[in-house]
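Coordinates in review
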Amino acid sequence: MATMRKVVPRRLVGLATLRAVSTSSPMGTLPKQVKIVEVGPRDGLQNEKNIVPTAVKIKLIDMLSEAGLPVIEATSFVSPKWVPQMADHTEVLKGIRKFPGRNYPVLTPNLKGFESAVSKKLYSMGCYEISLGDTIGVGTPGAMKDMLSAVMREVPLAALAVHCHDTYGQALANTLMALQMGVSVVDASVAGLGGCPYAQGASGNLATEDLVYMLEGLGIHTGVNLQKLLEAGDFICQALNRKTGSKVAQATCKL
């Protein structure tokens, strides 16, 4: 399955299981800067059973903007029949504060044929960024290395991003491998919100707080204020009456 964010140029999010493909590629140095694509307000909330109030979504996005996230998926223009949680997309877009230097892409329904298209074809079609996703979270660093090695033969490294889930606790490890391979764009979700609705037991996205903490420890610039990010995560978890999926947030609460 693949989905496109409604921005020009286009960004394609590909959903796939990571499997080894018997290839190899030398690992380079870590990037000096990483762009984090915050998917919590859209991907993180879309599967919530209870409708999240529009005001809560708007405040969450504003708090994420204040934290310094450069790209925040705001909502999705899909039929309310299929995704009731996103029925207020117009109100959300009108209500959020547009911070200078921030981008607020939205997701649009799949375009016919995208599910069966390969990365090379997507790139040739004009997708400026292709996000490779292990959405059921079964991938390992070795599989990530092999998959990226194969895709990099067909698509420029600068056009690639990764989107990892943490079902088996491998999201950070897989992301680190991608960084070592030269990828510098990573999708993440505040408080680890989200999950794959098509895979039983698949847990949430890589928590943005955990990603930022790791990147800071590696000396990689993100422009994100971790404390403000933690506050945004605490806000949405209280609103949803659920425990955060971020290990960093959990550890901070115990200190």
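Look a little higher up for the structure.
A quick note: this is a predicted structure, and the numbers were derived from the prediction, not measured. (Residues numbered from 1 in each chain as written. Predicted model: local features only at pLDDT ≥ 70, side-chain atom pairs only at ≥ 80, totals over all residues. Heavy atoms only, no water.)

Digging into empty space enclosed by the protein
A probe as big as a water molecule, rolled over the atoms, marks out the empty space that is left. For the structure on display, the rule yields 1 cavity of 30 Å³ or more. Its boundaries defined by the atoms lining it, the largest cavity holds a volume of some 30 Å³. In terms of lining residues, the largest cavity is bounded by Pro41, Leu45, Lys57, Ala74, Thr75, Met86, Asp88 and Val92. Residues belonging to the lining of the largest cavity are distributed by class as follows: 5 nonpolar, 1 polar and 2 charged. (1 Å grid on protein atoms, 1.4 Å probe; cavity = no way out; pocket = protein on both sides within 12 Å on 5 of 7 lines; lining within 4 Å. Points joined across faces, edges and corners; volume = space filled by probe spheres on them. Nonpolar A, V, L, I, M, F, W, Y, C, P; charged D, E, K, R; others polar.)

Some remarks on the packing of helix H6 (residues 171-180) against helix H7 (residues 208-217)
In contact at an axis separation of 11 Å, H6 and H7 are set at 45° when each is read in the N-to-C sense. Put simply, H6 runs oblique to H7. The hand of the H6/H7 crossing is right-handed. Judged by residue contacts, Leu172, Thr175, Leu176 and Leu179 of H6 engage Asp210, Leu211, Met214 and Leu215 from H7. A per-class count over the contact of H6 with H7 returns 6 nonpolar, 1 polar and 1 charged. (Axes fitted to C-alpha atoms, helices over the stretch in contact; angles between N-to-C directions. Helix = DSSP H or I, 4+ residues; strand = E, 2+ residues; numbered from the N terminus. Parallel < 35°, antiparallel > 145°, perpendicular 65-115°, else oblique. Left-handed = near helix turned anticlockwise from the far one by under 90°. Contact = heavy atoms within 4.5 Å.)

Remarks on the packing of helix H5 (residues 141-152) against H6
Between H5 and H6, whose axes approach to 8 Å, the crossing angle comes to 35°. The two elements H5 and H6 meet at a crossing, and its hand is right-handed. Residues Pro141, Met144, Lys145 and Leu148 of H5 form the contact with H6, whose participating residues are Ala173, Asn174, Met177 and Ala178. Counted by class, the contact of H5 with H6 contains 6 nonpolar, 1 polar and 1 charged residues.

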